[in-house]
Amino acid sequence: MKSYREMPAEELVKEKEQLIARYEEYKNMALSLNMTRGVPSTEQLDLASDMYDDLSSSGFLSEKGQDVRNYGVPCGIDDVRKVFAEILGTDMENVFMGNSSSLNQMFDALMRSMVFGEIESEKPWYEVEGRKWLCPAPGYDRHFRVTETLGFELIAVPMTENGPDMDVVEELVKDPKVLGIWCVPCYSNPDGIVYSEDTCRRLASMKTAAPDFRIMWDNAYVVHHITENDSEKGRIPDILSLCAEAGNPNRPYEFASSSKVTFAGGGISCFAANPDNMARAKKYLSVQAICTNKVNQLAHARYLPDKEAVDEHMKKHAQILRPKFAAVQDTLNKELGDNKDLYHWTDPKGGYFVSFYAYPGTATKIVSMCKDAGVALTPAGASFPYGKDPDDSNIRLCPSFPPVENIIKAVSILSVCAKITAIEKLLEE
Ligand SMILES: Cc1ncc(COP(=O)(O)O)c(C=O)c1O
């Protein structure tokens, strides 16, 4: 079929009429489809539901003989620290185990900087008037909300296929008010981008005007490969070593969790930092809590005792996710393949999202039309600082939860709305 750009106006008008008829048909189906939830499906959660079965019969002692039911072992048991250390490519001593949420640990880390400052800070960050934070965009809306809530001005940084645009980042960090950056280096949310080694090295070695500049390195999807035999593809360098080699050992804080490995909200999480940052964090963490949930840590360690076990487990997730991500690609290709100059979308090798880029200026209308046809999509702009996509183009699709047949219907409706709105724009132009 001809692309819309090549069609004369009369043909576009006719095409639009047909699409509107299709849209009305979908509307009459009274559907209720949800593509907003970047969460594991029930089938995925079931993969680990026997995790607690043998816990009491095998006893509650860690490998070192610590009774995990009691207070103590504030950094978490080595049984899981070593698993996360292996996953993140760092030493076990650099890993602190928290409770279920890594986002919670990111918030706490930044709260410590706000109240007490970092090692090199002249004053606590709450006293830095006009403080700014770099937000590679599109990115994770909850990251942006954390730094917005803590009073930072959010500065959007464009993403490239290799990670944040480093030329832009290196310019922006010349401003002493820029105190840090959010990074999801492996299968970024929502674009699924894996940072290149060069990007990682530049982040580690760039000169920043703020001596206490921090990288929040959220490795949420480090083991979340979707495509087959891909377990090494998502591997990115260890940021702690890179920063140390570059003479900026205190720059990074790294985070990860088992939320999308075992149970979302019921897993285990960690942060990793160099010895100096770790010592500083522990000073405050030891005041905040006596210890974290080691019973859950032991259950995880017994179930997934090393990285190999984690990778095997993640292959089962991938088997469930693959047909869902393929359904998104197939439907988009079928519906919009003739018009790739108007739309584009990602085909990620891991993570939880597909990032759809509609014809500029149409995303908000697409989301609203989809809602009227019974398809809930993430609000347009949600992946940008302050919820504002300057191009009004990006829509984050979350195919993990719904069954394949619902994904096909939802993405078909999205495509119909994307076509109608693009034709409207082309006719206007
Ligand atoms: C990039 C990223 N980081 C963190 C989280 C949340 O992690 P947790 O469940 O460990 O708080 C998510 C959840 O979607 C995410 O996409």
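Criteria and thresholds
Each chain has its residues counted from 1, running along the sequence as written. Per-residue local features are limited, in this predicted model, to residues with pLDDT of at least 70; the limit for side-chain atom pairs, both in listing and counting, is 80 or more; totals at the level of whole chains, interfaces and linings are taken over all residues. Each side-chain value is worked out from all heavy atoms of the structure, with water and hydrogens disregarded. Note on conventions: DSSP H or I runs of at least 4 residues are helices, E runs of at least 2 residues are strands, and numbering of each starts at the N terminus. Our radius of gyration looks at C-alpha atoms and nothing else; its globule reference is 2.2 Å times the residue count to the power 0.38. We call two residues in contact when some of their heavy atoms are within 4.5 Å. All tallies of charge rest on Lys and Arg as positive and Asp and Glu as negative; His and the ends of each chain are not included. One atom stands in for each charge, and that atom is NZ of Lys, CZ of Arg, CG of Asp or CD of Glu. Axes here mean lines fitted to C-alpha atoms, for a helix over just the part in contact, with angles spanning 0 to 180 degrees between N-to-C directions. Here roughly perpendicular refers to angles of 65 to 115 degrees, roughly parallel to angles under 35, roughly antiparallel to angles over 145, and oblique to all remaining angles. Crossing handedness: left-handed means the near helix sits turned counterclockwise from the far one by under a right angle, and right-handed means the same turn made clockwise. The nonpolar class holds Ala, Val, Leu, Ile, Met, Phe, Trp, Tyr, Cys and Pro. Asp, Glu, Lys and Arg form the charged class, and all remaining residues, Gly among them, are polar. When DSSP locates at least two bridges between a pair of strands, those strands are taken to pair. In this analysis, the expected span of each helix is defined as 1.5 Å times one less than the number of residues it contains. Note on exposure labels: buried denotes an accessible area under 20% of the residue type's maximum, exposed denotes more than 50%, and partly exposed covers the range between, all computed with a 1.4 Å probe on protein chains only. Near, as used in this document, describes a residue that has one of its heavy atoms within 4 Å of the molecule or strand being considered. Pairs of N or O atoms within 3.5 Å make up the polar contacts considered here, provided that, within protein, one atom can donate a hydrogen while the other can accept it, and that residues adjacent in sequence are counted only when both atoms are side-chain atoms. Each accessible area is a Shrake-Rupley estimate made with a 1.4 Å probe; only the visible protein chains count as cover when residues are assessed. Where each domain starts and ends follows an automatic or database-derived domain assignment. Buried area: the accessible surface (1.4 Å probe) lost by two parts on joining, summed over both. What counts as a salt bridge is simple: a side-chain nitrogen of Lys or Arg found within 4 Å of a carboxyl oxygen of Asp or Glu.

(A) The arrangement of the overall build of the chain in detail. Within the chain, the regular secondary structure consists of 13 helices and 13 strands. Taking 429 residues into account, the globule formula puts the C-alpha radius of gyration at 22 Å, and the chain, at 23 Å, falls close to it. Structurally, the chain occupies a C-alpha span of about 75 × 55 × 35 Å along its principal axes. Restricting to contacts in the chain with at least 6 residues of sequence separation, those with at least 24 account for 76%. Measuring between centres, the 47 positive side-chain charges of the chain sit 3 Å from its 63 negative side-chain charges.

(B) Highlighting the packing of helix H12 (residues 363-372) against helix H13 (residues 404-428). Contact pair H12 / H13: the axes reach a minimum separation of 9 Å and the direction vectors enclose 135°. By the angle between their directions, the pair H12 and H13 is classed as oblique. Relative to H13, the crossing made by H12 is right-handed. On H13, the residues that touch Lys-365, Ile-366, Met-369 and Cys-370 of H12 are Ile-413, Leu-414, Cys-417, Ala-418, Ile-420, Thr-421 and Glu-424. Tallied by class, residues from the contact of H12 with H13 come to eight nonpolar, one polar and two charged.

(C) Local environment of the sheet that holds strand E3 (residues 132-137). Pairing within the open sheet is mixed, and its eight strands lie in the order E2-E9-E8-E7-E6-E3-E4-E5. The open sheet has two edge strands with one neighbour each: strand E2 (95-98) and strand E5 (163-164). Bridging between E3 and strand E6 (residues 178-183) involves three bridges; their strand directions are parallel. Residue pairing for E6: Leu-134 is matched across the bridge by Ile-181. With respect to the sheet, helix H5 (residues 141-149) is in contact with E3, strand E4 (153-160), E6 and strand E7 (214-218), its orientation differing from that of E6 by roughly 160°. In the packing of helix H7 (residues 197-205) onto the sheet, contacts are made with E5, E6 and E7, and the angle to E7 comes to roughly 145°.

(D) Just helix H9 (residues 275-288), in detail. A rise of 1.5 Å per residue sets the reference length of H9, with its 14 residues, at 20 Å; its end C-alpha atoms lie 20 Å apart and thus fit the reference within 8%. Within H9, burial applies to Asn-277, Met-278, Ala-281, Tyr-284 and Leu-285. Buried residues along H9 sit against E2, helix H4 (102-116), E7, strand E8 (252-257) and strand E9 (269-272).

(E) Structural context of the site of the ligand. Near the ligand you find 13 residues, and of these Ser-102, Asp-218, Tyr-221, Ser-257 and Ser-259 are the closest. A distance of 3.0 Å separates an oxygen atom of the ligand from a polar backbone atom of Leu-103. A distance of 2.7 Å separates an oxygen atom of the ligand from a polar side-chain atom of Ser-257. For the ligand, whose free accessible area comes to 400 Å², the fraction covered by protein is 87%. When its residues are assigned to classes, the shell around the ligand shows five nonpolar, six polar and two charged.

(F) Quick peek at the domain arrangement of the chain. Domain annotation for the chain reports domain 1 (4-44 + 312-428) and domain 2 (78-305). The C-alpha centroid of domain 2 is placed 30 Å from the C-alpha centroid of domain 1. Contacts between domain 1 and domain 2 engage 26 residues on the former and 31 residues on the latter. Of the roughly 2500 Å² buried between domain 1 and domain 2, counting both surfaces, carbon and sulfur atoms make up 63%. If you sort the residues of domain 1 by the area they bury against domain 2, Met-314, Lys-349 and Tyr-386 come out on top, with a joint share of 26%. Counting every contact that joins domain 1 to domain 2 gives zero salt bridges.

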